[in-house]
Amino acid sequence: MSTPEPPATAPAPVTSPAHPRFAEALAELGLQVEVRRFPDATRTAAEAAAAVGCELSEIVKSLVFAADGVPVLVLMDGSSRVDVELVRRELGAQKVERADAGLVRETTGYAIGGVPPFGHATRTRVLADRRLLDHPVVWAAAGTPHTVFPLDPKTLIAHAGATVADVRESAR
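Keep in mind it's a predicted model, so treat the numbers as computed, not measured.

1. Brief notes about the overall build of the protein
(1) Moving on: Each helix and strand in the protein was counted, giving five helices and eight strands.
(2) Moving on: Of the regular secondary structure in the protein, the N- to C-terminal order runs α-β-α-β-β-α-β-α-β-β-β-α-β.
(3) Moving on: Along the longest, intermediate and shortest principal axes, the C-alpha atoms of the protein span 85 × 30 × 25 Å.
(4) Moving on: The proportion of buried residues among the 172 residues of the protein is 45%.
(5) Moving on: Looking at the protein alone, contacts between residues at least 24 apart form 63% of all its contacts between residues at least 6 apart.
(6) Moving on: Total accessible area on the protein stands at roughly 9,600 Å², and carbon and sulfur atoms take up 51% of it.
(7) Moving on: For the protein, the distance from the average position of its 18 positive side-chain charges to the average position of its 21 negative side-chain charges is 5 Å.

2. Things to note about helix α4 (residues 101-108)
(1) Moving on: Three or more residues of α4 are buried, namely V104, T107 and T108. Projection of α4 onto a plane perpendicular to its axis shows the buried side chains occupying an angular sector of 80°, all on one side.
(2) Moving on: Residues of α4 that are buried sit in contact with α1 (20-29), β2 (59-67) and β3 (70-77).
(3) Moving on: Looking at the residues trailing α4, positive phi occurs at G109, about 90°.

3. Focus: the environment of A165
(1) Moving on: Considering the arrangement of structural elements, one finds A165 in strand β8 (residues 163-165).
(2) Moving on: Classification of A165 as buried rests on a relative accessible area of 2%.
(3) Moving on: Other than its neighbours up to four places away in sequence, A165 contacts E90, A128, D129 and R130.

4. Let's talk about the packing of aromatic side chains
(1) Moving on: With the rule as written, the count across this model stands at three aromatic pairs.
(2) Moving on: Ring geometry for F22 against F149: centres 5.1 Å apart, planes inclined by 40°, an arrangement best described as tilted. Here F22 is found in helix α1, whereas its partner F149 is found in strand β7 (residues 147-151), with 127 residues between them in sequence.
(3) Moving on: Ring plane angle 70° and centroid distance 6.1 Å describe the contact between F118 and F149, whose orientation is recorded as edge-to-face.

5. Topic: the nonpolar core
One recurring pattern in soluble globular proteins is that nonpolar side chains are buried together.
(1) Moving on: Core analysis: the largest hydrophobic core is formed by 26 residues, its most contacted members being F22, V60, L75, F118, F149, L156 and A162.
(2) Moving on: Here this core takes three residues from helix α5 (residues 153-160), the largest share from any one element.
(3) Moving on: Ignoring sequence-local partners within four residues, the contact set of F149 consists of F22, V33, E34, V35, P117, F118, V138, W139, A140, A141, A142 and L156.

6. Quick notes on the confidence of the model for the protein
(1) Moving on: Confidence in the prediction of the protein, expressed as mean pLDDT, is 89, and 90% of residues score 70 or more.
(2) Moving on: Note that residues 10-14 has pLDDT below 50 and, in this model, zero contacts with residues that lie over four places away or in other chains.

7. Re the pattern of salt bridges
(1) Moving on: All chains considered together, the criterion is met by seven salt bridges.
(2) Moving on: The shortest N-O distance in the salt bridge between E169 and R81 comes to 3.5 Å. Of the two residues, E169 sits in the segment after β8 while R81 sits in the loop between β3 and α3 (84-91), which places them 88 residues apart along the sequence.
(3) Moving on: With a relative accessible area of 24%, E169 lands in the partly exposed category.
(4) Moving on: Across the salt bridge formed by E85 and R89, the nearest N and O atoms sit 3.3 Å from each other. With E85 and R89 both in helix α3, this residue pair falls four residues apart, about one helical turn.
(5) Moving on: E85 gets classed as partly exposed once you look at its relative accessible area, which sits at 32%.
(6) Moving on: Exposure remark for R89: the relative accessible area of 54% places this residue in the exposed category.

Rules used throughout
Residues numbered from 1 in each chain as written. Predicted model: local features only at pLDDT ≥ 70, side-chain atom pairs only at ≥ 80, totals over all residues. Heavy atoms only, no water. Helix = DSSP H or I, 4+ residues; strand = E, 2+ residues; numbered from the N terminus. Buried < 20%, exposed > 50% of the residue type's maximum accessible area, 1.4 Å probe, protein only. Contact = heavy atoms within 4.5 Å. Areas by Shrake-Rupley, 256 points an atom, 1.4 Å probe, with all protein chains shown as cover. Lys, Arg positive; Asp, Glu negative; His and termini not counted. Charge placed at Lys NZ, Arg CZ, Asp CG, Glu CD. Arc of directions from axis to C-beta. Phe/Tyr/Trp six-rings, centres within 6.5 Å; stacked < 30°, edge-to-face > 60°. Core = buried A, V, L, I, M, F, W, Y, C linked by side-chain atoms within 4.5 Å. pLDDT = per-residue confidence, 0-100. Salt bridge = Lys/Arg side-chain N within 4 Å of Asp/Glu carboxyl O.

Right, dumping it as structure tokens:
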């Protein structure tokens, strides 16, 4: 008498360390990127650069502002600051100010420190500072303060639906 075959089991689904919403956005876009997870939070650009082992300017900060009360996302290299006056002019807005944590979460679906450049809860206007294009690869948050992913900046900017602009604060 032969022993019955054990029932076939389905392979375990591959899980991404990225935030589920962001992992879904990557899949919808057909992007296969290496999402790295770190044991300690990388909420700041400096923490992310140290964890990845890259230059600070290769980190993408995804920052939400309110332009006349309407959310706008600005993608900026990690070593620079956003010049809100340049953002105001670029958008033709009367007033631009940094969004609070509530508006960031409401607009993107993510907490400050983990906001990715795309895959947000709502469609938002996006500006990308031109300096991001200075690098062959940049690193951005993957939806949590513990995760980042690499991508060439042109592809990142395209998937974010961003307009390339000069919105970096000048060195004084």
